[in-house]
Protein chains: 2
Amino acid sequence: MQKYEGAMDRGLEGVVACSTAVSSIIDATLFYRGFTIEDLAAHSSFEEVIFLLWNNRLPDKEELQVLQQNLLSNMSFSDAEILQLKALPVKEVHPMAWLRTAISVLALLDPKSQSTQKEDQLFIRNALTGKMLSLVALFNCLRQGRDLLPIQKEYSMAWNFLNCLQGEEPTEEQTKVFDTCLILHADHSLNCSTFTARVTASSLSDMYSSIVSAIGALKGPLHGGANEEVLKTLKDIGSVDNVEAWLKNALANKYKIMGFGHRVYKNGDPRAKVLKSMSQSLCEKSGNAHLFEMSNLLESLMKKEKNILPNVDFYSATVYYSLGITSDLFTPIFAASRISGWLAHILEQWEDNRIYRPKGQWRGKAGQLWKPFDQR
Amino acid sequence: MQKYEGAMDRGLEGVVACSTAVSSIIDATLFYRGFTIEDLAAHSSFEEVIFLLWNNRLPDKEELQVLQQNLLSNMSFSDAEILQLKALPVKEVHPMAWLRTAISVLALLDPKSQSTQKEDQLFIRNALTGKMLSLVALFNCLRQGRDLLPIQKEYSMAWNFLNCLQGEEPTEEQTKVFDTCLILHADHSLNCSTFTARVTASSLSDMYSSIVSAIGALKGPLHGGANEEVLKTLKDIGSVDNVEAWLKNALANKYKIMGFGHRVYKNGDPRAKVLKSMSQSLCEKSGNAHLFEMSNLLESLMKKEKNILPNVDFYSATVYYSLGITSDLFTPIFAASRISGWLAHILEQWEDNRIYRPKGQWRGKAGQLWKPFDQR
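All figures in this text were calculated on a predicted structure; none of them were measured in a lab.

Draft legend 1. Layout of the overall build of chain A. A count of helices and strands for chain A gives 16 helices and 5 strands. Compactness check: chain A gives a C-alpha radius of gyration of 22 Å against a globular reference of 21 Å for 376 residues, within 12% of the reference. When its C-alpha atoms are laid out on the principal axes, chain A stretches across 70 × 55 × 45 Å. Here chain A, with 376 residues, has 60% of them falling under the buried criterion. Long-range contacts, defined here as pairs at least 24 residues apart, represent 74% of the contacts in chain A between residues at least 6 apart. For chain A, the exposed surface amounts to about 14,400 Å²; the carbon and sulfur share of it is 49%. A distance of 9 Å separates the average location of the 40 positive side-chain charges in chain A from that of its 42 negative side-chain charges.

This is the structure we're talking about:
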């Protein structure tokens, strides 16, 4: 192996940290297990994509049904779990901090949480993926003083989530759009939270610890928090007429325009393109046509002025808003989708593990000697 | 900056991930802020080392006193905190999983947990460092059905921890030895948990999230769990007479001998040398002389047979055991010391931040196409 002492790529940009067969970004195309994201968004369901990420192939009909039923079962909580989760503070807490804590608490109730048996780990993988989406709905219910509705096993995870979140049945289009959002966010190679999950897993710590770490990393505004900021931006701008003046001012003052640009996709984020058409239709139907028009105009002006294109966060903001989802739940929903990828990466890490221990380039003092107070 | 596409160092071994001025390992010598660990272990206190790690210089007398009082104040919990912490399951849970959850819960009670103000971050840094050590003692009290004793501000953190943990006042030697252990574990460059803390912090997530991630990484048996395993080994061997036969069998069967070897120190871990003399004295005084003798013999035989030397975990096992500390608290104590380093690294990361996003080397399928069930 080569050594690169002395050289340094900040943020490990361009450094290969491991080999992977989960997802790849090649020539600005995002692939899950070799399938383009556009192909999967057009034809697949979130549950099918989860199967693909975990098994490296599409399921047959029965396999898909078994996984679906398993994940739906895992969307319910035991009485002991509900008791613990209800005991956590919920008012005025950061939803991602609550989610991080909730997963950590669930570990304390799981007698298999420390198991190193593959069978137990797959059990926990399924449990965490089902529970994560329900936890987001539960958090919203708890702060609104509602109980979680029972899971209906004839519907999808997407349908059940929206039903539990809002307390009313979603339409077919709403379900389909939300399901597609879950597909689009499911994996994205070695992003910061996935990398955190792998680094944590590399000490042979447990799955819960790795997922808790990943939630913590995704929580940061440079990572998961951007679509929430996009919505704030659109609300700040207020109307289509204000877009041009707002952008001129923002660029003159070098404000960061949220939802634009991506370190990996210099020619546009493929996920943004899928989201854009869904955003248009949903915004129109939910009486938010102006938000889509503002977004569309902002996109053209940003392309003209800076040649920077929207990323996945830009149109997911208006999609989620049109679905009636509170903006502080955008990142938790991101987590509830991405957990499927995190878990695929954690298991991949363990297949051929080596603990992550990079080097630091020393830039501090040398040769210091301890002295008593009177000589300092 | 150079790019290394295609090349890969597993575990990022030899890859420089960032520059740092916190600690360094140069020619098998461990330095905190330019001071050797031997110098600090001989002359300093844990509180002074914390000041050093956080301020890049030794304190004057008043600065040290201010920090000491601040940390001691932070070792107490509010009623609201105790209420939440007591609500967590404690029986049959992994102490590190409990600690990870406890820190995550404390975030939910801290109205400043999301602040990006430097002043608030320094406040949280101090609070977390004080509370972490108390949490370990509290965990032990809760599972034994005892209350935490009040913090006595005329004593050190080490004294108060031992007092709270055992429910009886430690001797001067016990306090001194434990204080030295805290010094020896406080930082160690970009080890896996510290790196996890920095990766989490790099998305501009909060301090609590970064510490929770680090606890999760330290929890793994390839990282923090080794001294617990050392004690198990010594108990398995049973007596000095069995050491030679046990080792012969272990080497013949290629068992991993815990507490030996280190990726960084090929010529011996400097921390092990400091711990060895303390282990001898404490083992003799606590009626565990045979444990030290077994350790000493194992060390000589390992050197002769494999030329592998003991690491920090090897003699800390018998030191902690002689202090009457249950072996499942060894790693939580490691965390309660290392948090001082984690926090120095998190703040350093934020001074010149870039989100960690390495590349994955693709080794999966290409060109897959979605097909309906009947064509799969």
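Draft legend 2. Representation of the side chain of S213(B) in the model. The topology assignment puts S213(B) in helix α10 (residues 207-218). When residues no more than four places from it in sequence are discounted, the contact partners of S213(B) are T196(A), T200(A), S213(A), T196(B) and T200(B).

Draft legend 3. Region of the structure containing the interface of chain A and chain B. On the side of chain B, 107 residues touch chain A, which itself brings 107 residues to the contact. Around 9,800 Å² of area is buried between chain A and chain B when both sides are counted, 59% of it from carbon and sulfur atoms. When residues of chain A are sorted by the area they lose upon contact with chain B, L108(A), R357(A) and W370(A) head the list and together hold 9% of the total. Scanning the region where chain A abuts chain B turns up 12 salt bridges. Two residues, R363(B) and E348(A), come together in a salt bridge whose shortest N-O distance is 3.6 Å. The tally of links from chain A across to chain B stands at 55 residue pairs in polar contact (both at pLDDT 80 or more). Of the residues forming the side of chain A that touches chain B, the biggest block, 9 residues, is contributed by helix α5 (residues 95-109) of chain A.

Draft legend 4. Focus on unusual backbone geometry. Residue and element names in this part refer to chain A. The backbone phi angle of N307 is positive, close to 55°, even though this residue is not glycine. Relative to the helices and strands, N307 is located in the loop between α14 (289-306) and α15 (312-322). Taking relative accessible area as the criterion, N307 reaches 54% and is therefore assigned exposed.

Draft legend 5. Structural detail: the side chain of E228(A). Within the secondary structure layout, E228(A) lies in helix α11 (residues 226-237). In contact with E228(A), not counting residues within four places along its chain, are S327(A), D328(A), F330(A) and T331(A).

Draft legend 6. The sheet that holds strand β4 (residues 35-36) of chain A, seen in detail. Residues and elements named next belong to chain A. Ordered in space as β2-β3-β4, the 3 strands form an open sheet in which the pairing is antiparallel. With one partner strand each, in any of the chains shown, β2 (23-26) and β4 form the two edges of the open sheet. Pairing geometry for strand β3 (residues 29-32) and β4, over 2 bridges, is antiparallel. Looking at the pairing, F31 lines up with T36 of β4.

Draft legend 7. Broad picture of the relation of the copies chain A and chain B. The two copies are related by a screw motion: chain A maps onto chain B through a turn of 180° and a shift of 0.0 Å along the axis, at an RMSD of 0.0 Å. The superposition operator between the copies reduces to a two-fold rotation axis. Taking the C-alpha atom as reference, chain A places S213(A) closest to the rotation axis, 2.1 Å from it. Taken as a fraction of all interface residues of chain A, those also at the interface in chain B reach 100%, which identifies the copy contact as same-surface.

Draft legend 8. Structural context of the sheet that holds strand β4 (residues 35-36) of chain B. Residue and element names in this part refer to chain B. Across the sheet, which stays open at both edges, the 3 strands sit in the order β2-β3-β4 with antiparallel pairing between neighbours. Edge positions in the open sheet fall to β2 (23-26) and β4, since each of these has one partner strand only. Sheet topology note: the β2/strand β3 (residues 29-32) ladder contains 4 bridges and is antiparallel. Bridged to I25 within β3 is L30.

Draft legend 9. The arrangement of the nonpolar core in detail. Membership of the largest hydrophobic core comes to 222 residues, with the highest contact counts inside it found for W98(A) and W98(B). Setting aside anything within four residues of it in sequence, one finds W98(B) in contact with L108(A), L85(B), L88(B), P89(B), V90(B), V93(B), L135(B), L138(B), F139(B) and L142(B). One finds C18(A), C192(A), Y356(A) and A17(B) within the second-largest nonpolar core, a separate group that totals 22 residues.

Draft legend 10. Examining the pattern of salt bridges more closely. The full count for this structure, using the stated rule, is 32 salt bridges over all chains. One salt bridge in this structure joins R143(A) and D328(A), with 2.7 Å as the shortest N-O distance. Remark: D328(A) occurs in the loop between α15 and α16 (330-351) and R143(A) occurs in helix α6 (residues 118-143); sequence separation between them is 185 residues. Looking at D328(A), the relative accessible area reads 21%, which means it is partly exposed. When the shortest N-O distance is used, the salt bridge between R354(A) and E13(B) registers 2.3 Å. Taken together, the positions of R354(A) in the loop between α16 and β5 (359-362) and E13(B) in the segment before β1 (16-20) put the pair across two chains. Judged by its relative accessible area of 25%, E13(B) is partly exposed. Beyond isolated ion pairs, a larger network of salt bridges with shared partners links R100(A), K219(A) and D206(B).

Draft legend 11. The packing of aromatic side chains, seen in detail. The full count for this structure, using the stated rule, is 19 aromatic pairs over all chains. Centroid distance F260(A) to F314(A): 4.6 Å. Interplanar angle 50°. Geometry classified as tilted. Of this pair, F260(A) sits in the loop between α12 (243-252) and α13 (270-285) while F314(A) sits in helix α15, and the two are 54 residues apart along the sequence. Ring geometry for F195(B) versus Y356(B): centroids 5.5 Å apart, planes at 80°, classification edge-to-face. Within this pair, whereas F195(B) is found in helix α9 (residues 192-201), its partner Y356(B) is found in the loop between α16 (330-351) and β5 (359-362), the two being separated by 161 residues in sequence. With respect to class, F195(B) is no different from Y356(B); both count as buried.

Here is what the cut-offs are and how they apply
- Residues numbered from 1 in each chain as written.
- Chains lettered and ligands numbered in written order.
- Predicted model: local features only at pLDDT ≥ 70, side-chain atom pairs only at ≥ 80, totals over all residues.
- Heavy atoms only, no water.
- Helix = DSSP H or I, 4+ residues; strand = E, 2+ residues; numbered from the N terminus.
- Rg over C-alpha atoms; globule rule 2.2 N^0.38 Å.
- Buried < 20%, exposed > 50% of the residue type's maximum accessible area, 1.4 Å probe, protein only.
- Contact = heavy atoms within 4.5 Å.
- Areas by Shrake-Rupley, 256 points an atom, 1.4 Å probe, with all protein chains shown as cover.
- Lys, Arg positive; Asp, Glu negative; His and termini not counted.
- Charge placed at Lys NZ, Arg CZ, Asp CG, Glu CD.
- Buried area = accessible area lost by both parts, 1.4 Å probe.
- Salt bridge = Lys/Arg side-chain N within 4 Å of Asp/Glu carboxyl O.
- Polar contact = N/O pair within 3.5 Å; in protein donor to acceptor, adjacent residues only side chain to side chain.
- Pairing = 2+ DSSP bridges.
- Least-squares fit on C-alpha atoms with pLDDT ≥ 70 in both.
- Core = buried A, V, L, I, M, F, W, Y, C linked by side-chain atoms within 4.5 Å.
- Phe/Tyr/Trp six-rings, centres within 6.5 Å; stacked < 30°, edge-to-face > 60°.

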